[in-house]
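Chain and residue survey
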Amino acid sequence: KNIMTDAKGNAIHITDSTVGHVDGNKISGKACTGGVFSARAKITSIAGNVIKNIKGQVIYMSSGSVVSKVDKNTIKKTGKEGILLTSQSKVSSVSKNKITNAKSYGIKLSGSKKNKVKIISNKLSGKKSATGIWVQAGKATVNKNTLTGFGLGIRTNKSMTGKMKGNKFKKCKKNIS
C-alpha cells in the first residue's frame, strides 16, 4: 500500500513481471499520465485503489497483460479512460469499481475476439461528451452497471458477443448503441 501525490509519468508501471496484487494504493497528480500501467505483466488483482486527477488513462492494461480482476477501485476525474483494456490484454473481471467524472470513457475494452470479460456492478458517471462502457470486441458480460450523465451509456461493436442485462441508466443522452 502506497500513497503517491503529485506523481509524474505512470505512478505504478509494471512490465515483463509477475505481480500478486496491486491493491490499496492512493494515487493523485495532474502531471501523472497514468495511474496503474501494465505491459506483458501477470497480475492477480488491481483492487481497492483510490486514484484521482490523472490526465491520462487511470488503469491501463496494455499488450500481453493478464489480470484476474480489476475490482473495487475508486477513480475520480479521469483525463481519458478510467479503465482501459487493450487488444492484447486479458482481464477476467472488472467489477464494483466507482468511476466519477470520466472524460472520455469510464471503461473501454478494445480487446480481441478471444477476450472473455465480466463487467459487473460498476458505478460510473461522466460528461455528456463521454461514453460509459465501450466494448469493441470479445465476449463480454455487461450486467448490473449504473451509468449516469454520459452522452452514451454503453457502446458495442458487431464483433462483441455476450450478454447485457440489468444495467441502469440515469440522465444519459442515449443508453445503448
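Residues numbered from 1 in each chain as written. Predicted model: local features only at pLDDT ≥ 70, side-chain atom pairs only at ≥ 80, totals over all residues. Heavy atoms only, no water.

Examining the packing of aromatic side chains
- Evaluation of the coordinates by the stated rule reveals 2 aromatic pairs.
- When the centroid spacing of 5.1 Å and the interplanar angle of 75° are considered together, the rings of F37 and Y60 count as edge-to-face. Within this pair, whereas F37 is found in strand β5 (residues 32-39), its partner Y60 is found in strand β8 (residues 57-61), the two being separated by 23 residues in sequence.
- On the accessibility criterion, F37 (13% relative accessible area) is buried.
- By relative accessible area, which is 22% here, Y60 ends up partly exposed. (Phe/Tyr/Trp six-rings, centres within 6.5 Å; stacked < 30°, edge-to-face > 60°. Helix = DSSP H or I, 4+ residues; strand = E, 2+ residues; numbered from the N terminus. Buried < 20%, exposed > 50% of the residue type's maximum accessible area, 1.4 Å probe, protein only.)

What to know about the nonpolar core
- Counting residues in hydrophobic clusters, the biggest one holds 39 residues, and the most contacted among them are I46, I59, M61, V70, I83, V94 and I133.
- Here I59 is in contact with V36, I46, I51, V70, N73, I75, G82, I83 and L84, once residues within four sequence places are set aside. (Core = buried A, V, L, I, M, F, W, Y, C linked by side-chain atoms within 4.5 Å. Contact = heavy atoms within 4.5 Å.)

Here we look at a positive patch on the surface
- A grouping of K26, K30, K52, K76, K77, K98, K103, K123, K127, K168 and K170 is seen on the molecular surface, where their side chains present a positively charged patch.
- Listed by contribution, the elements that provide at least two residues to the positive patch are β10 (74-78) and β22 (168-170).
- Inspection of the secondary structure puts K170 in strand β22. (Patch = residues over 30% accessible without salt bridge, like charges linked within 9 Å, V, L, I, M, F, W, Y side chains within 5 Å. Areas by Shrake-Rupley, 256 points an atom, 1.4 Å probe, with all protein chains shown as cover. Salt bridge = Lys/Arg side-chain N within 4 Å of Asp/Glu carboxyl O. Lys, Arg positive; Asp, Glu negative; His and termini not counted. Charge placed at Lys NZ, Arg CZ, Asp CG, Glu CD.)

Brief notes about the sheet that holds strand β3 (residues 18-23)
- Read across the open sheet, the 7 strands follow the order β3-β6-β9-β12-β15-β18-β21; overall the sheet is parallel. Edge positions in the sheet fall to β3 and β21 (160-165), since each has one partner strand and no second. Within this sheet the neighbouring strands show an average axis-to-axis angle of 10°, counted without direction.
- Pairing of strand β9 (residues 66-71) with strand β12 (residues 90-95) involves 5 bridges; the strand directions are parallel. The residue bridging K69 from the neighbouring strand is S93, located in β12. (Pairing = 2+ DSSP bridges. Axes fitted to C-alpha atoms, helices over the stretch in contact; angles between N-to-C directions.)

A short note on the side chain of T78
- Mapped onto the secondary structure, T78 falls in strand β10.
- A distance of 2.9 Å separates a polar side-chain atom of T78 from the backbone nitrogen of K103. (Polar contact = N/O pair within 3.5 Å; in protein donor to acceptor, adjacent residues only side chain to side chain.)

Description of the confidence of the model for the protein chain
- Looking at the protein chain as a whole, the pLDDT averages 88, with 95% of positions reaching at least 70.
- Looking across the protein chain, the model is least confident in strand β1 (residues 3-4), with a mean pLDDT of 73, and most confident in strand β19 (residues 146-148), with 98. (pLDDT = per-residue confidence, 0-100.)

Focus on the environment of K96
- Relative to the helices and strands, K96 resides in the loop between β12 and β13 (98-102).
- According to the relative accessible area criterion, K96 is exposed, its value standing at 52%.
- Each C-alpha atom, one on K96 and one on T146, is 10 Å from the other, the two residues being 50 residues apart in sequence.
- In this view, K96 contacts K72, N73, I120, S121 and N122; residues no more than four positions away in its chain are not counted.

Structural notes on unusual backbone geometry
- Despite not being glycine, K77 has its phi angle at roughly 55°, a positive value.
- Summarising the element assignment, K77 is placed in strand β10.
- We note that S121 has phi near 60°; this positive angle belongs to a residue other than glycine.

Points about the sheet that holds β13
- What the 8 strands build is an open sheet, ordered β1-β4-β7-β10-β13-β16-β19-β22; its pairing is parallel. Edge positions in the sheet fall to β1 and β22, since each of these pairs with one other strand and no more.
- Note that β10 and β13 share 3 bridges and pair parallel. Each residue of the ladder has a partner; that of I75, found in β13, is I99.

Considering the pairing of strand β11 (residues 81-85)
- Burial within β11 is extensive, with 5 of its 5 residues counted as buried.
- Sheet topology places β8 next to β11; 3 bridges connect them, and they run parallel. When the sheet's bridge partners are listed, M61 is paired in β11 with L85.
- Relative to strand β14 (residues 105-109), β11 runs parallel, the two sharing 4 bridges. Within β14, the residue paired with L84 across the bridge is K108.

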